[in-house]
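A closer look at the structure
Here is what each chain is made of, one letter per residue.
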Amino acid sequence: MTTTLIVIAVLVLFVLVVMVKAVLVIPQATAAVIERLGRYRTTAAPGLNILVPFFDRVRARIDLREQVVSFPPQPVITKDNLTVSIDTVVYFQVTDPRAAVYEISNYIVGVEQLATTTLRNLVGGMSLEETLTSRDEINNQLRGVLDEATGRWGIRVARVELKAIDPPPSIQDSMEKQMRADREKRAMILNAEGQREASIKTAEGQKQSQILSAEGAKQASILAAEAERQSRILRAQGERAARYLQAQGQAKAIEKVFAAIKAGKPTPEVLAYQYLQTLPQMAQGDANKVWLVPSDYGKALEGFARMLGAPGEDGVFRYEPSAEEPPASRPEEDDASVAEWFDTAPDPAVAEAVRAAEAVARKEVPSPLAEPPVPPLGRGADPARELGGPAAPGGGVAEQAGPPYA
């Protein structure tokens, strides 16, 4: 009985082992190479696979996903005999598990060695500067060579990237110095350009300022000269009218004096008495030391009385007043040509000139550094007209042929 149980147990165990050996489950994105009695039989697909126990076995399990392998830095000599250290990263995928197992013993080592040798061939024909600036070209050439060489291994190379290119420390220091010198050079160039632009802008501003100052001084000089001319004309007209009035007044005063003398009918004795009263006043000067009274003074007065007077009943000559007084007339009525001298009304042209000068003086001059506003006169308006002067054909303010205000 015990022997029977042992045999049954052995049979059950054998069946279980056979079942385990006969059933093979492959995960997704994985393939298994199956051999039967040492020869390739098939490639097991993902899922449930049935094997012949003790005859079929799994030679290798291959990952069908794209794999990323980073290779250690490789020393490479460039065309200019400089040794650089280059790190590479290869992206590849197994497309034929049978070829990956039977065509090469270790496809990862094969890809690494092939990438190293190809990289040395490519970089050996380039200088250091070309190597640093030709990453895309090196990547494309590496990918083409690796993809062609690994195609028979059942491997497809998707991408090859140069992760780092490290030149020797001495060369790296020289490159840093060169880069620093280039940056300082560019900084100095930019600084010089900025100073040049600032100087140009400053000069332009000074130029505009001097032009505006000159235009303002010119307008001020023109207005001052015109004001001085008008002032002199008005002053001369006033002096002319004043002198004319003074002469008219003196003439009227003389007429009144002579009329009063004639109306008073003076005698030679009165004239002699007046003359004697005038003599001390005539002798009051510092230069008058001696005064002589002429001996024929009486005869001179008598002749003066006879010439201007008429003999009275007592035989004494006296002045006779004129029958009628000279007509009193205004100076402007004597001559029509001088009537305008005494016109005290303000000149409309002068008032207009003063208003125009005040408008120009109060007008704000735009800054030359600010953006010029659109002129209200339309496109192409001359800014010189904003200062009050006519525009010249070539720009600026033209010289005025005569005074701006009449």
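What you see is a predicted model, and the numbers here were worked out from it, not measured in a lab. (Residues numbered from 1 in each chain as written. Predicted model: local features only at pLDDT ≥ 70, side-chain atom pairs only at ≥ 80, totals over all residues. Heavy atoms only, no water.)

1. A few points about the overall build of the chain
In terms of regular secondary structure, the chain is built from 10 helices and 10 strands. In the chain, which comprises 406 residues, the share counted as buried stands at 24%. Taking contacts inside the chain between residues at least 6 apart in sequence as the whole, the part at least 24 apart equals 64%. For the chain, the computed accessible surface area is about 28,000 Å², with 58% contributed by carbon and sulfur atoms. (Helix = DSSP H or I, 4+ residues; strand = E, 2+ residues; numbered from the N terminus. Buried < 20%, exposed > 50% of the residue type's maximum accessible area, 1.4 Å probe, protein only. Contact = heavy atoms within 4.5 Å. Areas by Shrake-Rupley, 256 points an atom, 1.4 Å probe, with all protein chains shown as cover.)

2. A word on the pattern of salt bridges
Throughout the structure, instances matching the rule amount to 13 salt bridges. Here Arg-57 makes a salt bridge to Glu-35, at a shortest N to O gap of 3.1 Å. Here Arg-57 is found in strand E5 (residues 56-63), whereas its partner Glu-35 is found in strand E2 (residues 30-36), with 22 residues between them in sequence. The buried category is assigned to Glu-35, whose relative accessible area is 2%. What you see here is one network of salt bridges that share partners, running through Glu-35, Arg-57 and Arg-59. (Salt bridge = Lys/Arg side-chain N within 4 Å of Asp/Glu carboxyl O.)

3. Some words on the packing of aromatic side chains
Taken as a whole and assessed by the stated rule, the structure comprises 3 aromatic pairs. Ring centres of Tyr-40 and Tyr-102 lie 5.8 Å apart, and the angle between their planes is 80°; this geometry places the pair in the edge-to-face category. Here Tyr-102 lies in helix H2 (residues 97-102) and Tyr-40 lies in strand E3 (residues 39-44), a separation of 62 residues in the sequence. Relative to Tyr-107, the ring of Phe-92 has its centre 6.1 Å away and its plane inclined at 80°; by these criteria the two rings are edge-to-face. Here the residue Phe-92 occupies a position in strand E7 (residues 83-94), and Tyr-107 occupies one in helix H3 (residues 107-124), the gap between them amounting to 15 residues. Across the pair, exposure class does not vary: Phe-92 and Tyr-107 are buried alike. One cation-aromatic arrangement involves Arg-98 over Tyr-40; the distance from NZ or CZ to the ring centre is 5.2 Å. (Phe/Tyr/Trp six-rings, centres within 6.5 Å; stacked < 30°, edge-to-face > 60°. Lys NZ or Arg CZ within 6 Å of the ring centre and 35° of its normal.)

4. Some remarks on the side chain of Asn-49
Here Asn-49 lies in strand E4 (residues 47-50). In terms of polar contacts, Asn-49 uses its side chain to reach the backbone carbonyl oxygen of Ala-45, at 3.0 Å. One polar contact links the side chain of Asn-49 to the main-chain carbonyl oxygen of Gly-47, over a distance of 3.3 Å. Ignoring sequence-local partners within four residues, the contact set of Asn-49 consists of Ala-22, Val-23, Leu-24, Ile-26 and Ala-44. (Polar contact = N/O pair within 3.5 Å; in protein donor to acceptor, adjacent residues only side chain to side chain.)

5. Quick word on the packing of H3 against helix H5 (residues 135-149)
Running from amino to carboxyl end, H3 crosses H5 at an angle of 135°, the nearest separation of the two axes being 10 Å. Here H3 lies oblique to H5, going by the angle between them. Relative to H5, H3 is oriented so that their crossing is right-handed. Where H3 abuts H5, its residues Val-111, Leu-114, Ala-115, Thr-118, Leu-119, Leu-122 and Val-123 lie against Ile-138, Gln-141, Leu-142, Val-145, Leu-146 and Ala-149. Class assignment for the residues of the contact of H3 with H5 results in 11 nonpolar, 2 polar and no charged. (Axes fitted to C-alpha atoms, helices over the stretch in contact; angles between N-to-C directions. Parallel < 35°, antiparallel > 145°, perpendicular 65-115°, else oblique. Left-handed = near helix turned anticlockwise from the far one by under 90°. Nonpolar A, V, L, I, M, F, W, Y, C, P; charged D, E, K, R; others polar.)

6. Considerations on the confidence of the model for the chain
Averaged over the chain, the pLDDT score is 77; the fraction of residues at 70 or greater is 70%. Confidence, read as mean pLDDT per element, is least for helix H9 (residues 331-334) in the chain (53) and greatest for E2 (91). (pLDDT = per-residue confidence, 0-100.)

7. Section: the side chain of Ser-134
Examined against the element boundaries, Ser-134 turns out to sit in the loop between helix H4 (128-133) and H5. Side-chain polar atoms of Ser-134 contact the backbone oxygen of Glu-130, separated by 2.7 Å.

8. What to know about the environment of Pro-97
When you line up the elements, Pro-97 lands in helix H2. Distance in space between the C-alpha atoms of Pro-97 and Thr-30 is 9.4 Å, their sequence separation being 67 residues.

9. Some remarks on unusual backbone geometry
Of note in this structure, Phe-54 is not a glycine but carries a positive phi near 70°. Positionally, Phe-54 belongs in the loop between E4 and E5.

10. Some points on the nonpolar core
Membership of the largest hydrophobic core comes to 32 residues, with the highest contact counts inside it found for Ile-86, Val-90, Leu-119 and Ile-138. Taken together, the elements giving at least two residues each to this core come down to strand E6 (67-77), E7, H2, H3, H5 and strand E8 (155-166). The element that contributes the greatest number of residues to this core is H3, accounting for 7 residues. Residues Ile-26, Ala-32, Ala-44 and Leu-51 belong to the second largest nonpolar core, which totals 6 residues. (Core = buried A, V, L, I, M, F, W, Y, C linked by side-chain atoms within 4.5 Å.)

11. A closer look at the sheet that holds E5
Judged by pairing direction, the sheet is antiparallel, and its 3 strands sit side by side in the order E3-E2-E5 without closing on themselves. Since the sheet does not close on itself, it has two edges, and those belong to E3 and E5, each with one partner. Across the sheet, the mean angle separating the axes of adjacent strands is 25° when strand polarity is ignored. Relative to E3, E2 is paired through 5 bridges, and the arrangement is antiparallel. Each bridged residue has a counterpart across the sheet, and for Ala-32 the counterpart in E3 is Ala-44. (Pairing = 2+ DSSP bridges.)

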